[in-house]
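# Fold and contact review
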Amino acid sequence: MADLISVCEVFYSIQGEGMTMGRPSVFLRLAGCNLLCGGPGTQHDGALHNGATWRCDTIELWMKGLAMDCREVFTSEQLAFLRKGAHLVITGGEPLLQQNQIQNVINFLASQDIRPYIEVETNGTIASELDLDQYNISPKLRNSGVKRADRYKPEILLGLSENHCQFKFVISSETDWQEIEKDFAFIPPNQIWLMPAGESQTQLAATRPVVVELAKAHGVNYSERLQIVVWDRKTGV
Ligand code: SF4
């Protein structure tokens, strides 16, 4: 039923990545994803499979959701931040699995005269019917351990690219860049953001110089990952 939305967490922070990095934002993390980065079975054993070099850092969150009334997702404090101009960042999991529910949340906010700038984070495998301000698209590469047929949907990416959007890639090496150049040549360089791989400040410090040089060499954007730089965490901040 579209009035109930499956939610993992809602929190207020700043956008940590990409073209709106630094913007105060209310994050709405939705449950469920159609991919499994880390490879088949990683949800059970926490290990890397099928050639994956990294594992989804939100699996433990998005596999559990709380069904909430679309009108009761936000606290009064979060509504006040949205009213003051905070962005609403809808993330997951894969939020485009719950498009009707997202629309109901937007309708509820409009009924309260709150019309925030809305960003959605997506893996780029599901077409969107939503009229949002910004699509943050993070297509998955071979290093995710997900089968190519499941993670690579050029026709969907082209459809999403007609919106105001950015394509974000977390990479660590020249090899990752070569895959982007080969499979995503249709994306204009000014729509691409490269971010360094790493789960801690120490790991980011090691990959950052490589990724900065790749961004410079290929004329694409570089982005920090402030949630790790500032808090040394990837979720809930
Ligand atoms: S697409 Fe995103 S949320 Fe889904 S498994 Fe991969 S990293 Fe996690």
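In case you missed it, the structure is sitting above this.
Below you will find a few notes about this structure. (Residues numbered from 1 in each chain as written. Predicted model: local features only at pLDDT ≥ 70, side-chain atom pairs only at ≥ 80, totals over all residues. Heavy atoms only, no water.)

## Some points on the site of the ligand
Put simply, the rule reads: One heavy atom within 4 Å of a molecule or strand is enough for the residue carrying it to be called near that molecule or strand. Residue polarity follows a fixed list, in which Ala, Val, Leu, Ile, Met, Phe, Trp, Tyr, Cys and Pro are nonpolar, Asp, Glu, Lys and Arg are charged, and the others, Gly among them, are polar.
Inspection of the region around the ligand gives Cys33, Leu35, Leu36, Cys37, Trp54, Cys56, Thr58, Trp62, Gly93, Asn123 and Lys140 as its neighbouring residues. When the residues that make up the shell around the ligand are grouped by side-chain class, the tally is 7 nonpolar, 3 polar and 1 charged.

## Focus on a nonpolar patch on the surface
Condition: Each patch is built from residues that are more than 30% exposed by relative accessible area and take part in no salt bridge. Like charges join if they lie within 9 Å; nonpolar side chains (Val, Leu, Ile, Met, Phe, Trp, Tyr) join within 5 Å. To be clear on the numbers: accessible area is Shrake-Rupley with a 1.4 Å probe, and residue cover counts the displayed protein chains and nothing else. One side-chain nitrogen of Lys or Arg within 4 Å of one carboxyl oxygen of Asp or Glu is enough to make a salt bridge. Note on conventions: DSSP H or I runs of at least 4 residues are helices, E runs of at least 2 residues are strands, and numbering of each starts at the N terminus. Only protein chains enter the accessibility calculation, which uses a 1.4 Å probe; a residue whose area is less than 20% of its type maximum is buried, one above 50% is exposed, and one in between is partly exposed.
A contiguous nonpolar patch, built from Val229, Val230 and Trp231 and spanning about 240 Å² of accessible area, is present on the exposed surface. Residue position: Val229 is located in helix H9 (residues 226-231). Residue class for Val229 comes out partly exposed when judged on its relative accessible area of 33%.

## Side note on unusual backbone geometry
At the junction of Gly92 and Gly93, the peptide bond is cis and its omega measures out at 15° in the coordinates. Note that Gly93 resides in the loop between strand S4 (87-91) and helix H4 (99-111). With a phi close to 55°, Asn50 is a non-glycine residue in the positive phi region. Among the structural elements, Asn50 can be located in the loop between helix H1 (42-45) and helix H2 (59-62). In this structure, Asp113 takes a positive phi of about 65° despite not being glycine. In this fold, Asp113 is placed in the loop between H4 and strand S5 (118-122). Owing to a relative accessible area of 57%, Asp113 belongs among the exposed residues under this scheme.

## Concerning the sheet that holds strand S6 (residues 134-137)
Adjacent strands of a sheet pair through backbone hydrogen bonds, lying either parallel or antiparallel. Definition in use: Only strands joined by at least two bridges in the DSSP assignment are considered to pair. Whether two residues touch is decided by their heavy atoms; if any such pair falls within 4.5 Å, the residues are in contact. To get an axis, a line is fitted to the C-alpha atoms, and for a helix only the part in contact is used. The angle between two axes follows their N-to-C directions and goes from 0 to 180 degrees.
What the 9 strands build is an open sheet, ordered S3-S1-S2-S4-S5-S6-S7-S8-S9; its pairing is mixed. On the outer flanks of this sheet lie strand S3 (66-69) and strand S9 (221-222), each paired with one strand and no other. Both S5 and S6 contribute to a ladder of 4 bridges, which runs parallel. The residue of S6 that forms the bridge with Val120 is Tyr135. Of the strands in this sheet, strand S7 (165-171), strand S8 (192-196) and S9 are in contact with helix H8 (residues 201-218), which crosses S8 at around 155°.

## Concerning H4
As a reminder, the rule being used: To estimate how far a helix should reach, multiply one less than its number of residues by 1.5 Å.
Taking 1.5 Å as the rise per residue, H4 with 13 residues should run 18 Å; its terminal C-alpha atoms sit 18 Å apart, in good agreement. For H4, the set of buried residues is Gln99, Gln101, Ile102, Val105, Ile106, Phe108 and Leu109.

## Considerations on the side chain of Glu94
To be explicit about the condition: Think of it this way: Lys and Arg go in the positive column, Asp and Glu in the negative one, and His and the chain ends go nowhere. Pairing of N or O atoms within 3.5 Å defines a polar contact, subject to two protein rules: one partner must be a possible hydrogen donor and the other a possible acceptor, and residues neighboring in sequence count only if both atoms are side-chain atoms.
If you trace the backbone, Glu94 turns up in the loop between S4 and H4. Put simply, Glu94 is tucked away with no salt bridge, and the nearest opposite charge, on Lys140, sits 7.7 Å away. From its side chain, Glu94 meets the backbone nitrogen of Asn123 in a polar contact 2.7 Å long. The residues contacting Glu94, other than those within four sequence positions of it, are Gly32, Cys33, Asn34, Glu121, Thr122, Asn123, Gly124 and Ile126.

Function-wise, these values are silent; they only describe arrangement.
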